[in-house]
Amino acid sequence: MIKAENVVKLFHSRGTTVRAVDGVSTEVERGEVVVVIGPSGSGKSTFLRCINGLEVFSEGHITIDGVDLADKKTNINKVRMEVGMVFQQFNLFPHKTVLENLTLAQRRVRKRSKKVAEEKAMELLHKVGIPEKAGEYPSRLSGGQQQRVAIARALAMEPKVMLFDEPTSALDPEMVGEVLDVMKQLAREGMTMVVVTHEMGFAREVADRVLFMDEGKIVEVGTPEHFFTEPREERTKLFLKQVL
Amino acid sequence: MNGTEKIWPWKILLAVILIVMAAGIWGSVRQIDYKWRWYRVPQYFFYLAEDAQKIPFDGTVSKIAKDGETAKVRLVSESSEIVTLVVETESLKVSEGEELFEDDTVGFISEWRLGPLMKGLWTTLWLSAIASVFALILGLIAGLAKVSKNYTLRGLAMVYVECIRGTPLLVQIFIAYFFLGTVFDLSRNVCGIGALALFGGAYVAEIFRAGIQAIPPGQTEAARSLGMTMPQTMMDIILPQAFKKILPPLSGQFISLIKDSSLVSVIAITDLTKSGREIITSTFATFEVWLVVAAMYLVVTSLLSQVVFYMERRLAVSD
């Protein structure tokens, strides 16, 4: 589904070059849930953003469903239709109601009729458990509700892959659960997911595979059992000791 | 600020200060020899025009049909042409059977007309309205160019904004009229509106740029991640939000434009300011006319502020 080969992302600032992502190679199978963990600044979010072209990587290749992102002829908007993304800060459109947030891209990009788009939107709002908020503006919703709307918004495009960039990090603790529940349900339904998170419980419960990144590199890969019980690398052990 | 502080003593103080200032001005005016003639002013807003109705040929009055206030006068020429004129009964100057020569006055029709102040105000309003629309379009284009990734577009927008903001509007109007107007054979109205639009557009461009840049990058990222193109993202996501943010400075700019439009009077466009000056040359009521002209600008700009205030409240529903 997703294949990354030796991906490098360089940031240039004031004469210095930072290798934010430094030669990452991995593969994500259809229906697989991959959780990426690592300390802040390890390049995990940057790598995730490379997958849907929000960051243009400097070297290497990423192919999604056979489409090469590094190919100049690739229409990135076509790729993004198939790759949903959920952000740490939700990024709902504040000037549009919840329903409009869910229907806008369906209508503009998928060219669906208003009726079809709204039916899809309501179906997804039921799925994330807040159909009664359809007419509200995002500012009237709690953080957890906003993030569930953001997930529904991404799902409305019927993507093949969902990317989550620290989806619970900006939430009050009591709201983390409701968002994770929606994500767990998605995983059970067989959605292909790449999740950058600090929620070790989620990683242990849902992940098929865990990637540990540090300083732009994948340090260790493994099943959750392996990862949380018998990590090989010293850096992984140190990190897990700090977060668990 | 604590909520229990009483506001009425300060209201009284404000009123006292304003009254003292007004009295001071009044006292100073009394010192000089100026005869106030306010009664001369109203006629420059509206006046009753009396139009003489004249016979277009040599002939006779064949019939007069009085119908209350007005009277229909039927006139027959020597070659049996018939013309019917309507005049006010009171102003009727002829009687049935009377012989008249061409251009003799049969009577009068009086009508309320707009005086020079109202006509000038109208000119100022439509001039400003058209200039505002073009300023908005120009400003949007230049503002988008300023945040563009393309170096050439950014450069063009920068040159435009810097040239306009670095030179006085009065000089720009002179250039527009005496230089561009002559070269391209443009009318004074086109030059005046063009200069105002270009001038306003440069400031509007900066307002748009600031408004667009004030929208968090996450908004663009969210829209793009859904597969929306950059133009779609601009139209549906960025500009609607930016517009809401820039409404106050934008309205300030348009209020400025209405006031700045008074400068087009220098190229002989009869706007409110030029009308005022013309009235003064015939009445010498300098003080009264300028005070009235200022008040008229103030009424227009205050109304516009109110409209914007109302729009802001309407747009605030999603906050």
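Residues numbered from 1 in each chain as written. Chains lettered and ligands numbered in written order. Predicted model: local features only at pLDDT ≥ 70, side-chain atom pairs only at ≥ 80, totals over all residues. Heavy atoms only, no water.

Caption draft 1: Layout of the overall build of chain A. For chain A, the count of helices and strands is nine helices and 10 strands. Relative to the compact-globule value of 18 Å for 244 residues, chain A shows a C-alpha radius of gyration of 18 Å, a close match. Oriented by its inertia axes, the alpha-carbon framework of chain A measures out at about 55 × 45 × 35 Å. A total of 244 residues make up chain A; the buried ones form 57% of that total. Counted over contacts in chain A with a minimum sequence separation of 6, partners at least 24 positions apart contribute 65%. (Helix = DSSP H or I, 4+ residues; strand = E, 2+ residues; numbered from the N terminus. Rg over C-alpha atoms; globule rule 2.2 N^0.38 Å. Buried < 20%, exposed > 50% of the residue type's maximum accessible area, 1.4 Å probe, protein only. Contact = heavy atoms within 4.5 Å.)

Caption draft 2: Structural context of the overall build of chain B. In terms of helices and strands, chain B carries nine helices and six strands. Counting only C-alpha atoms, chain B reaches 90 × 60 × 45 Å along its principal axes. Evaluated residue by residue, chain B yields a buried proportion of 37% over its 319 residues. For chain B, restricting intrachain contacts to residue pairs at least 6 apart in sequence, the fraction spanning at least 24 positions comes to 66%. Carbon and sulfur atoms make up 65% of the accessible area of chain B, which amounts to about 18700 Å² in all. (Areas by Shrake-Rupley, 256 points an atom, 1.4 Å probe, with all protein chains shown as cover.)

Caption draft 3: Fine view of the interface of chain A and chain B. Across the boundary between the two partners, chain A contributes 26 residues, which contact 19 residues of chain B. Both faces considered, chain A and chain B share a buried interface measuring about 1900 Å² in area, 56% of it formed by carbon and sulfur atoms. Inspection of the chain A/chain B interface yields two salt bridges. Between E221(B) and R49(A) there is a salt bridge; the shortest N-O distance is 2.7 Å. Taken together, the connections running from chain A to chain B amount to eight residue pairs in polar contact (both at pLDDT 80 or more). (Buried area = accessible area lost by both parts, 1.4 Å probe. Salt bridge = Lys/Arg side-chain N within 4 Å of Asp/Glu carboxyl O. Polar contact = N/O pair within 3.5 Å; in protein donor to acceptor, adjacent residues only side chain to side chain.)

Caption draft 4: Here's a closer look at the sheet that holds strand 6 (residues 83-86) of chain A. Residue and element names in this part refer to chain A. An order of 6-7-8-3-9-10 is seen for the six strands of this open sheet, with the pairing classed as mixed. In this open sheet, the two strands that pair with only one neighbour each are strand 6 and strand 10 (217-222). With strand direction ignored, the average angle separating the axes of adjacent strands in the sheet is 20°. In the sheet, strand 3 (residues 33-37) pairs with strand 9 (residues 209-214) via four bridges, with the strands oriented parallel. Looking across to strand 9, one finds that V36 is bridged to L211. Its contacts with the sheet put helix 5 (residues 143-155) on strand 6 and strand 7 (161-165), and the angle it makes with strand 6 is roughly 170°. (Pairing = 2+ DSSP bridges. Axes fitted to C-alpha atoms, helices over the stretch in contact; angles between N-to-C directions.)

Caption draft 5: Representation of the packing of helix 5 (residues 188-213) of chain B against helix 7 (residues 230-260) of chain B. Residues and elements named next belong to chain B. Interaxial distance between helix 5 and helix 7 falls to 8 Å at its minimum, and their mutual angle equals 140°. Note that helix 5 runs across helix 7; the crossing there is right-handed. Along its contact with helix 5, which presents L196, F199, G200, Y203, V204, I207, F208, G211 and I212, the element helix 7 presents M234, I238, L239, A242, I246, P249, L250, Q253, L257 and D260. Of the residues contributing to the contact of helix 5 with helix 7, the split by class is 15 nonpolar, three polar and one charged. (Left-handed = near helix turned anticlockwise from the far one by under 90°. Nonpolar A, V, L, I, M, F, W, Y, C, P; charged D, E, K, R; others polar.)

Caption draft 6: Up close: the sheet that holds strand 2 (residues 59-67) of chain B. Overall, antiparallel pairing links the four strands, which are arranged 4-3-2-5 (chain B) in an open sheet. Each edge of the open sheet is held by one strand with a lone partner, namely strand 4 (82-88) and strand 5 (99-100) of chain B.

Caption draft 7: The arrangement of helix 1 (residues 44-51) of chain A in detail. Residues and elements named next belong to chain A. For helix 1, the tally of buried residues reaches seven of eight residues, placing the bulk of the element in the interior. If you check which residues of helix 1 are buried, you get K44, T46, F47, L48, R49, C50 and I51. Of the residues flanking the end of helix 1, it is G53, one or two places downstream, whose phi is positive at about 75°.

Caption draft 8: Structural context of the nonpolar core. By size, the foremost hydrophobic cluster in this structure holds 73 residues, and its most contacted members are I2(A), I51(A), I62(A), I64(A) and L163(A). When residues of this core are assigned to their parent elements, the largest contribution, 11 residues, is made by helix 5 of chain B. Those residues in contact with I62(A) that sit more than four places away from it in its chain are I2(A), K3(A), A4(A), V7(A), C50(A), I51(A), F57(A), V67(A), D68(A), L69(A) and A70(A). If you look at the next biggest cluster of nonpolar residues, it comprises 49 residues, including V33(A), I151(A), L171(A) and V206(A). (Core = buried A, V, L, I, M, F, W, Y, C linked by side-chain atoms within 4.5 Å.)

Caption draft 9: Molecular detail of the packing of aromatic side chains. Applying the stated rule across the entire model yields 10 aromatic pairs over all chains. Between Y34(B) and W36(B) the ring centres are 5.2 Å apart and the planes differ by 75°, which places this aromatic pair in the edge-to-face class. What makes W36(B) partly exposed here is its relative accessible area of 24%. One aromatic cluster in this structure is built from F212(A), F227(A), F228(A) and F239(A). (Phe/Tyr/Trp six-rings, centres within 6.5 Å; stacked < 30°, edge-to-face > 60°.)

Caption draft 10: Structural context of the confidence of the model for chain A. Per-residue confidence for chain A gives a mean pLDDT of 94; residues scoring 70 or more make up 100%. When the elements of chain A are averaged for pLDDT, helix 9 (residues 234-243) of chain A gives the smallest value, 90, and strand 7 of chain A the largest, 97. (pLDDT = per-residue confidence, 0-100.)

Caption draft 11: Region of interest: helix 9 (residues 286-315) of chain B. Compared with an ideal rise of 1.5 Å per residue, which puts 30 residues at 44 Å, helix 9 of chain B spans 44 Å between its outermost C-alpha atoms and is within 8% of the ideal. What helix 9 of chain B keeps buried is the set E288(B), V289(B), V292(B), V293(B), M296(B), Y297(B), V300(B), T301(B) and V308(B). (Expected span 1.5 Å × (residues − 1).)

Caption draft 12: Inspection of a negative patch on the surface at higher detail. A surface patch of like charges, here negative, comprises D58(B), E78(B), E99(B), E102(B) and D103(B). As for its position among the elements, E78(B) is in the loop between strand 3 (70-77) and strand 4. (Patch = residues over 30% accessible without salt bridge, like charges linked within 9 Å, V, L, I, M, F, W, Y side chains within 5 Å. Lys, Arg positive; Asp, Glu negative; His and termini not counted. Charge placed at Lys NZ, Arg CZ, Asp CG, Glu CD.)

Caption draft 13: Region of the structure containing the pairing of strand 7 of chain A. Residue and element names in this part refer to chain A. Here strand 7 lies mainly inside the structure; five of its five residues are buried. By the alternation rule, side chains of strand 7 split into V161, L163 and D165 and M162 and F164, which are all buried. Between strand 7 and its parallel partner strand 8 (residues 192-196), the chain crosses via helix 6 (residues 173-188), and the hand of that crossover is right-handed. (Right-handed = clockwise from strand over helix to strand, strands pointing away.)

Caption draft 14: Region of the structure containing the packing of helix 3 (residues 151-165) of chain B against helix 5 of chain B. Residues and elements named next belong to chain B. Between helix 3 and helix 5, the least distance of the axes is 9 Å, while the angle of their chain directions is 120°. By the criterion of interaxial angle, the relationship of helix 3 to helix 5 is oblique. Between helix 3 and helix 5 the crossing geometry is left-handed. For the pair helix 3 and helix 5, contact is made by Y160, V161, I164 and R165 and by A197, L198, F199, G201, A202, Y203, A205 and E206, respectively. (Parallel < 35°, antiparallel > 145°, perpendicular 65-115°, else oblique.)

Caption draft 15: Looking closely at the pattern of salt bridges. Counted according to the given criterion, the structure contains 27 salt bridges over all chains. A salt bridge links D22(A) to K217(A); the nearest nitrogen and oxygen atoms lie 2.9 Å apart. In this pair, D22(A) sits in strand 2 (residues 16-28) while K217(A) sits in strand 10, placing the two residues 195 residues apart along the sequence. Judged by its relative accessible area of 44%, K217(A) is partly exposed. One network of salt bridges, in which partners are shared, links K9(A), R49(A), E55(A) and E221(B).

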